[in-house]
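The primary structure of each chain is shown beneath.
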Protein chains: 2
Amino acid sequence: MSKSNNVYKDAFNRCLRMLDESRSLPSEPELGTLLGVSRTTVRSILSRMEETGLIDWNKRSKTVLRAPREEDFFPEEETDSLAEIIERSFMRRLLAGGAEAGMQINELELAREIGVGTTSVREFLIRFSRFGLIEKRRNSHWVLKGFTRAFALELTEIREMFELRSAAAFVALPQESAVWADLDRLEVEHRQLAGEIATRFNEFSELDERLHRLIHRASHNRFIVDFYDVIAMIFHYHYQWNKAEERQRNEVAIQEHLAYIAALKSRDPAKVDAACRKHLKSARQTLLSSIPEGRQAQPA
Amino acid sequence: MSKSNNVYKDAFNRCLRMLDESRSLPSEPELGTLLGVSRTTVRSILSRMEETGLIDWNKRSKTVLRAPREEDFFPEEETDSLAEIIERSFMRRLLAGGAEAGMQINELELAREIGVGTTSVREFLIRFSRFGLIEKRRNSHWVLKGFTRAFALELTEIREMFELRSAAAFVALPQESAVWADLDRLEVEHRQLAGEIATRFNEFSELDERLHRLIHRASHNRFIVDFYDVIAMIFHYHYQWNKAEERQRNEVAIQEHLAYIAALKSRDPAKVDAACRKHLKSARQTLLSSIPEGRQAQPA
DNA sequence: AAAATGTTTTTTCCCGATAAAAGACATTAC
DNA sequence: GTAATGTCTTTTATCGGGAAAAAACATTTT
């Protein structure tokens, strides 16, 4: 069992969801583009759809025979890539406590525990190391630096530098730039969410990421853009774990975002700077307040 | 042949160089610390030294019998780690030209060409990706973004932000801090090098890295400190390739460093800012001027 | 002839296995 | 009894192999 076919299963499920909308499917290359997979995978999907009586497939004609049923879908857990599985497992251990700074990370143990090969774990750790939470000892183990107060402060320091600069670059963008339309769209979505905050407050984090990524992209600097991956990862897992006051927090953040968006649209650098600082300050407070004081890094 | 014993060979060579200095060797754990390897490796080294008649080894007593000869050393090329070998090969291809932006990178081909397994190449590419020169297409190949003018500009933009901030943090460090002694030592070495610049100009880059890393460390921010790895890598390979005007460039840089060091020692933030900006500006100019105009990134 | 489908080749992803190196435990020397 | 040496165990680094997925090539359809 050298490689799971999760790409196929995931694409199959996504393809099933497109099925009822139209009475026949497009060409193989077109489906490939739509699903983001190769034609080889598309053909596997079509084969199975034919076998299970979902479609009638004969060369160019791919007629939908029936609507997909619950049992046609592959189970969700079989559609995750190994990298996602490892990341989730690892982050759970990291945030579930008991993960003290200075602790050693054992590749073999991790691999056995998750039930995967060591190669995948190694590759994950190398990729993960750029987030600054772990560090490699040459020819030896990895060391956990821990999700500490110091980490949060260092992260937010960079974030603030980068976002202030990106926001300044944003307002300098010409009126014709597509970003203004993107910003308008985000503003509308923010207003909608603000109106239904009671029921949809958990949809905020996705909106949050989209707005900040849009702004960061204005820097036209790959290091700034890439750094948002660190922030996004931390927010993703951290807030998944820490749900305290989530609704209220998000309500405040939405209002800050709206003020921030208004400032950007005014194209007044001073206003942008102020709105940006205000939002980042409260974001930092939120992050810091959720880190238990006790969990400190050990002196090196 | 699953793992080369380069750690042993490299440590063996380094141990040989320590041999003639004293007439007997310290304990195994001590040697391990000195050489940065485990006791297992130390014992392999001692075994071989005994076999080749270099020492007489009996438990605690390790008497040196003769001075090491040329043929006692392992060949230099056998002491490199696989990661180093792959990095060198890859960078040679990258800088040797013919590496246009947008080009695909083939793991298998690279592995075959260098004569290593695919796993090592994959791990190298993942590690290397944080430098912003390559990018992964999910489930597919890597794409070379190229060492372009845009890359150099993005890199220097961040470098300038980080270094200005670090330098500001540096002057705020208390007088008792060990960094001031480090700085004094660096100043002396700069003056020595300046005096013998005609013959030793190629030793500058090592000094350059030490000074900048010292300053960056004052930020106490892991992201800033780690970012210097990107700069160091670029400088290392780029200047290795581009030797034009090296001596003159380094002469100028040493003077800028001395002015920078003086500014830091004055603890006057305004002076530091000015000296730092001046040096970074000329460093950027040097980097930019060495990038051929023609080598531009393809539009995505 | 452009674009689809059919077929074959190549590459990526991942595992298990193995030697090198690290680390842990047991024993001896001072 | 502390710190070394001697021995055994575990972990890391790396390879080759094999299935999944992508990509390339050949053939057909419109």
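Residue positions are given per chain, counted from 1 along the sequence in the order it is written. Whichever chain is written first is A, and whichever ligand is written first is 1; the rest continue in order. Under the rules for a predicted model, residues below a pLDDT of 70 receive no local features and side-chain atom pairs below 80 are neither given nor counted, while totals for whole chains, interfaces and linings still include all residues. Excluding hydrogens and water, the side-chain figures rest on all heavy atoms present in the structure.

**A look at the relation of the copies chain B and chain A**
Argument step 1. It takes a turn of 180° to lay chain B on chain A, together with a shift of 0.0 Å along the axis; the resulting RMSD is 0.1 Å. A rotation of that kind, with that shift, is consistent with a two-fold axis.
Argument step 2. Should any heavy atoms of two residues lie within 4.5 Å, those residues are counted as being in contact. When you check the interface residues of chain B against chain A, 100% turn up at the interface there too, and the contact is symmetric in its surfaces. Copies are brought into register by a least-squares superposition over C-alpha atoms of residues with pLDDT of at least 70 in both.

**Description of unusual backbone geometry**
Argument step 1. With phi around 55°, His 220 of chain A is a residue other than glycine that occupies positive phi space.
Argument step 2. Relative to the helices and strands, His 220 of chain A resides in the loop between helix H10 (204–217) and helix H11 (222–241).
Argument step 3. Phi at Glu 245 of chain B takes a positive value of approximately 60°, unusual for a residue other than glycine.
Argument step 4. A run of H or I in DSSP becomes a helix once it reaches four residues, and a run of E becomes a strand once it reaches two; helices and strands are each numbered from the N terminus. Position of Glu 245 of chain B relative to the elements: it lies in the loop between helix H11 (222–241) and helix H12 (246–266).

**Concerning the protein's contact with DNA strand D**
Argument step 1. For this description, a residue counts as near a given molecule or strand if any of its non-hydrogen atoms is within 4 Å of it. Around DNA strand D sit 42 residues, and of these Thr 40, Thr 41 and Arg 122 of chain A together with Arg 39 and Arg 43 of chain B come closest.
Argument step 2. Of all DNA strand D atoms lying within 4 Å of any protein atom, the proportion belonging to sugar or phosphate reaches 69%.
Argument step 3. At 3.4 Å, a backbone N or O of Asn 5 of chain A approaches a phosphate oxygen of DNA strand D.
Argument step 4. Any N or O atom pair separated by 3.5 Å or less is treated as a polar contact, with the protein-specific requirement of one donor-capable and one acceptor-capable atom, and with residues adjacent in sequence counted only for side-chain atom pairs. Side-chain polar atom of His 141 of chain B to a phosphate oxygen of DNA strand D: 3.3 Å apart, as the coordinates give it.
Argument step 5. Class assignment for the residues of the surface near DNA strand D results in nine nonpolar, 18 polar and 15 charged. Under the grouping applied here, Gly and all other residues not named as nonpolar or charged are polar, the nonpolar ones being Ala, Val, Leu, Ile, Met, Phe, Trp, Tyr, Cys and Pro and the charged ones Asp, Glu, Lys and Arg.

**Points about the interface of chain B and chain A**
Argument step 1. With 30 residues of chain B at the interface, the matching set in chain A holds 30 residues.
Argument step 2. Two parts placed together each lose some accessible area under a 1.4 Å probe, and adding up what both lose gives the buried area. Here chain B packs against chain A, burying approximately 2,800 Å² in sum over the two surfaces, 55% of which is carbon and sulfur.
Argument step 3. In the sections that follow, a salt bridge refers to a side-chain nitrogen of Lys or Arg positioned within 4 Å of a carboxyl oxygen of Asp or Glu. The residue Glu 123 of chain A makes a salt bridge to Arg 122 of chain B at a minimum N-O spacing of 2.9 Å.
Argument step 4. Mapped onto the side of chain B that touches chain A, the elements with two or more residues apiece are helix H6 (118–128), helix H7 (149–171) and H11 of chain B.
Argument step 5. The element that contributes the greatest number of residues to the side of chain B that touches chain A is H7 of chain B, accounting for nine residues.
Argument step 6. Here the residues of the side of chain B that touches chain A sort into 13 nonpolar, seven polar and ten charged.

**Concerning the nonpolar core**
Argument step 1. Judged by nonpolar contacts, the single largest core of 86 residues is most densely connected at Phe 90 of chain A together with Phe 90 of chain B.
Argument step 2. Leaving out residues up to four positions away in the same chain, Phe 90 of chain B has contacts with Ile 105, Leu 110, Phe 124, Leu 125, Phe 128 and Ile 134 of chain B. Note on terminology: a nonpolar core comprises buried Ala, Val, Leu, Ile, Met, Phe, Trp, Tyr and Cys residues joined through side-chain atoms within 4.5 Å. For the exposure calls, accessible area comes from a 1.4 Å probe over protein chains only, and a residue counts as buried if that area is under 20% of its type's maximum, exposed if over 50%, partly exposed in between.

**Digging into the side chain of Glu 107 of chain A**
Residue and element names in this part refer to chain A.
Argument step 1. Mapped onto the elements of the fold, Glu 107 is located in helix H5 (residues 107–114).
Argument step 2. Reaching out from Glu 107, the side chain makes a polar contact with the side chain of Arg 122 at a distance of 3.2 Å.
Argument step 3. Apart from the residues lying within four places of it in its own chain, the contact partners of Glu 107 are Val 121, Arg 122, Leu 125, Lys 136 and Trp 142.

**So, the sheet that holds strand E3 (residues 104–105) of chain B**
Argument step 1. By definition, two strands form a pair when at least two bridges between them are found by DSSP. The sheet built from three strands is open, its strands ordered E3-E5-E4 (chain B) with antiparallel pairing. The two strands at the open ends of the sheet, each matched to only one other strand, are E3 and strand E4 (134–136) of chain B.

**Some points on the packing of aromatic side chains**
Argument step 1. The rule is short: rings of Phe, Tyr and Trp, with Trp giving its six-membered ring, pair when the centres are within 6.5 Å, and they are stacked under 30 degrees, edge-to-face over 60, tilted in between. Applying the stated criterion to the full structure yields 25 aromatic pairs over all chains.
Argument step 2. For the pair Phe 162 of chain B and Phe 227 of chain B, a centre-to-centre distance of 5.5 Å together with 85° between the ring planes defines the contact as edge-to-face. Pair noted here: Phe 162 of chain B is in helix H7 and Phe 227 of chain B is in helix H11, with a separation of 65 residues, a long-range link.
Argument step 3. Overall, Phe 162 of chain B belongs to the buried group, its relative accessible area being 2%.
Argument step 4. On the basis of relative accessibility, which here comes to 8%, the residue Phe 227 of chain B falls in the buried class.
Argument step 5. An aromatic cluster of three or more residues is present, and its members are Phe 147, Phe 151, Phe 162, Phe 223 and Phe 227 of chain A together with Phe 147, Phe 151, Phe 162, Phe 223 and Phe 227 of chain B.
Argument step 6. Think of it as a cone above the ring: NZ of Lys or CZ of Arg counts as a charge over the ring if it is within 6 Å of the ring centre and within 35 degrees of the ring normal. Across the ring face of Phe 12 of chain A, the terminal group of Arg 48 of chain A is positioned such that the distance to the ring centre comes to 5.6 Å.

**Concerning the confidence of the model for chain A**
Argument step 1. Confidence per residue, as judged by the predictor, is encoded in pLDDT with a range of 0 to 100. Averaged over all residues, the pLDDT of chain A equals 93, while 97% of them reach at least 70.
Argument step 2. In this model, residues 295–300 of chain A is a region of pLDDT below 50 whose contacts with residues beyond four sequence positions or in other chains number 13 contacts.

**Focus: the pattern of salt bridges**
Any two side chains of opposite charge can pair, given that their charged atoms come close.
All names here are of chain A.
Argument step 1. For the structure on display, the rule yields 62 salt bridges over all chains.
Argument step 2. The partner of Arg 200 in a salt bridge is Glu 203, and the shortest N-O contact between them spans 3.1 Å.
Argument step 3. In this structure Glu 203 comes out as partly exposed when scored by relative accessible area, which is 36%.

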